[in-house]
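Report on the structure
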Amino acid sequence: MHEDLSKFHQQVANLFPWPTTAKEWDQYRLTNDQVNFFNENGYLPGIKMINENQLEILREELFQLINNGRDNSLFYEYNSNESTDPKTILFHALGEWRITKGLHDVLWNPAFIIAASQLLGDKPVRFWHDQIFYKPAKQGGVVAWHQDYSYWTRTKPIAHITCWCALDDATEENGCLQYIPGSHKWGLLPKPVIAGDLHGIREFLSEEQKKQFDNAQFAPLKAGEAIFHHSLTLHGSGENKSSRPRRAFVINAFADGVVSDSNEPLLAGVPVVPKGQKMEGQFFPLLFNGI
Ligand SMILES: O=C(O)CCC(=O)C(=O)O
């Protein structure tokens, strides 16, 4: 039985050096241009998050979880293959921060928490949950176009952000993320089957919105880089037909103050946060309260 690392609300392996002065924090700050790009387009690519050493540790942890994690009850969700297409594979799991030290410590990566706070409008950052997405070489499945918040309406108000972090170079060939710039201003859409038809969302879109797909942008990343997106930004990713895997972990967070909007457990195995009550406690730690 693994120790549940959700009890620890700071780094446990000190994978990421913690700044001690304001100047050290400043090196992680986004520029005004980057924040403006995010506000205009709903995403921000190319943020350096992880060095070579850290990458090696995280890839090894991922390997162990993908190969030996199935029976670990600390996962909120574990899908060896969530793809609805029998010819492809999409590994998708939630809750790895509770299990391995590196994937726990990524939540307290200064480069993540500073950027997340700025992109949330200079707010304190609270953790929602994490995810692993793994598309194996040659047969990696799609993630349908969607808005993250369409799966999260059990929490409110909308003040959520996603940080997708590449553990391999992510390219058009191996199924990197794609975005519709500005779609975070469209309002909330219905949710499609996440690992189903790539274009399932289209049945819910107006002709004008469908036209915006002509302007879809691929978001290739180098291993160790992250992309942030707003929780209403429409995004998805295609198959991995290349000879290389496409591995990534994701941190989902929100501005402190978000409350539960459900009397059901918000994540499998996590005690109920009654409707209207603030999200906090063991499973929803405050990651950053300003410097
Ligand atoms: O890894 C992918 O292709 C999809 C990730 C995603 O949808 C997300 O992080 O919100």
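Up top is the structure these notes are about.
Report follows, based on the coordinates.

1. Digging into the nonpolar core
Ranked by size, the top nonpolar core spans 65 residues in total, and within it M49, F112, F228 and F249 carry the most contacts. No other element matches the seven residues that helix α5 (residues 110-119) contributes to this core. Dropping the residues within four chain positions of it, F112 is found in contact with M49, V106, L107, C163, F228, I251, A253 and L287.

2. Observations regarding the site of the ligand
Taken together, 13 residues are adjacent to the ligand, and H146, W164, H235, S237 and R246 come closest. Between H235 and the ligand, the recorded distance is 2.9 Å, taken from a side-chain N or O atom to an oxygen atom. Within the contact set of the ligand, an oxygen atom lies 2.7 Å away from a side-chain nitrogen or oxygen of R246. Computed on the free molecule, the ligand has an accessible area of 290 Å², of which 99% lies beneath the protein chains in the complex. Elements represented by at least two residues in the shell around the ligand include exactly β4 (125-135), β5 (143-146), β7 (160-166), β11 (235-237) and β12 (246-255).

3. A look at the pattern of salt bridges
This model, assessed by the stated rule, comprises 13 salt bridges. Linking K185 and E40 is a salt bridge whose minimum nitrogen-to-oxygen distance equals 3.9 Å. A residue pair is termed long-range when its members are at least 10 positions apart, and K185 in the loop between β8 (177-179) and α6 (207-211) and E40 in helix α2 (residues 32-41) qualify at 145 residues. For D168, the salt bridge is made with R247, and the minimal N-O distance between the two is 2.6 Å. Placement of the pair is D168 in the loop between β7 and β8 and R247 in strand β12, with a sequence separation of 79 residues. By relative accessible area, D168 is classed as buried at 9%. Here R247 falls in the buried class, since its relative accessible area comes to 19%.

4. Some words on the environment of S231
Here S231 is to be found in the loop between β10 (225-230) and β11. Ignoring any residue separated from it by four or fewer positions in sequence, one finds S231 in contact with Q147, D148, Y149, W152, I158 and H160.

5. Regarding the sheet that holds β11
Taken in spatial order, the four strands of this open sheet run β5-β11-β8-β9, and their pairing is antiparallel. Whereas interior strands pair on both sides, the edge strands pair on one side only; in this sheet they are β5 and β9 (217-219). Between one strand and the next, the sheet's axes are offset by a mean angle of 25°, whatever the strand orientation.

6. Focus: the environment of G257
In this structure, G257 sits in the loop between β12 and β13 (259-260). Spatially, the C-alpha atoms of G257 and K222 are 33 Å apart, while their sequence positions differ by 35 residues.

7. What to know about the state of the cysteines
Two cysteines joined by a covalent bond between their sulfur atoms form a disulfide. Summed over all chains, the structure comprises zero disulfides. For C163, which is in no disulfide, the shortest distance to another cysteine sulfur is to C165 and amounts to 5.6 Å. Under the relative-accessibility criterion, C163 is labelled buried at 1%.

8. Comments concerning the side chain of D4
Take D4: it is sitting in the segment before α1 (22-26). On the basis of relative accessibility, which here comes to 14%, the residue D4 falls in the buried class. Here the side chain of D4 touches S6 through a polar contact of 2.7 Å, side chain to side chain. With sequence-adjacent residues up to four places away left out, D4 is seen in contact with L74, R98, Q282 and F283.

9. Examining helix α3 (residues 52-68)
Along its 17 residues, α3 runs 24 Å from first to last C-alpha, staying within 8% of the 24 Å computed at 1.5 Å per residue. Contact partners of the buried residues in α3: β2 (77-79), β3 (91-94), α4 (101-105), β4, β7 and β12. The N-cap of α3, judged by a side-chain oxygen 3.1 Å from the amide nitrogen of N53 a few residues on, is N51.

10. Brief notes about α5
For an α-helix the count is 3.6 residues per turn, leaving residues at separations of three or four pointing the same way. Most of α5 is tucked away: 10 of the 10 residues are buried. Of the residues making up α5, those classed as buried are P110, A111, F112, I113, I114, A115, A116, S117, Q118 and L119. Near the N-terminus of α5, the side chain that reaches the backbone nitrogen of A111, with its oxygen 3.0 Å away, is that of N109. Among the residues trailing α5, G121 stands out with phi positive, at a value near 90°.

Reading guide: rules and limits
- Residues numbered from 1 in each chain as written.
- Predicted model: local features only at pLDDT ≥ 70, side-chain atom pairs only at ≥ 80, totals over all residues.
- Heavy atoms only, no water.
- Core = buried A, V, L, I, M, F, W, Y, C linked by side-chain atoms within 4.5 Å.
- Buried < 20%, exposed > 50% of the residue type's maximum accessible area, 1.4 Å probe, protein only.
- Helix = DSSP H or I, 4+ residues; strand = E, 2+ residues; numbered from the N terminus.
- Contact = heavy atoms within 4.5 Å.
- Near = heavy atom within 4 Å.
- Polar contact = N/O pair within 3.5 Å; in protein donor to acceptor, adjacent residues only side chain to side chain.
- Areas by Shrake-Rupley, 256 points an atom, 1.4 Å probe, with all protein chains shown as cover.
- Salt bridge = Lys/Arg side-chain N within 4 Å of Asp/Glu carboxyl O.
- Pairing = 2+ DSSP bridges.
- Axes fitted to C-alpha atoms, helices over the stretch in contact; angles between N-to-C directions.
- Disulfide = S-S within 2.5 Å.
- Expected span 1.5 Å × (residues − 1).

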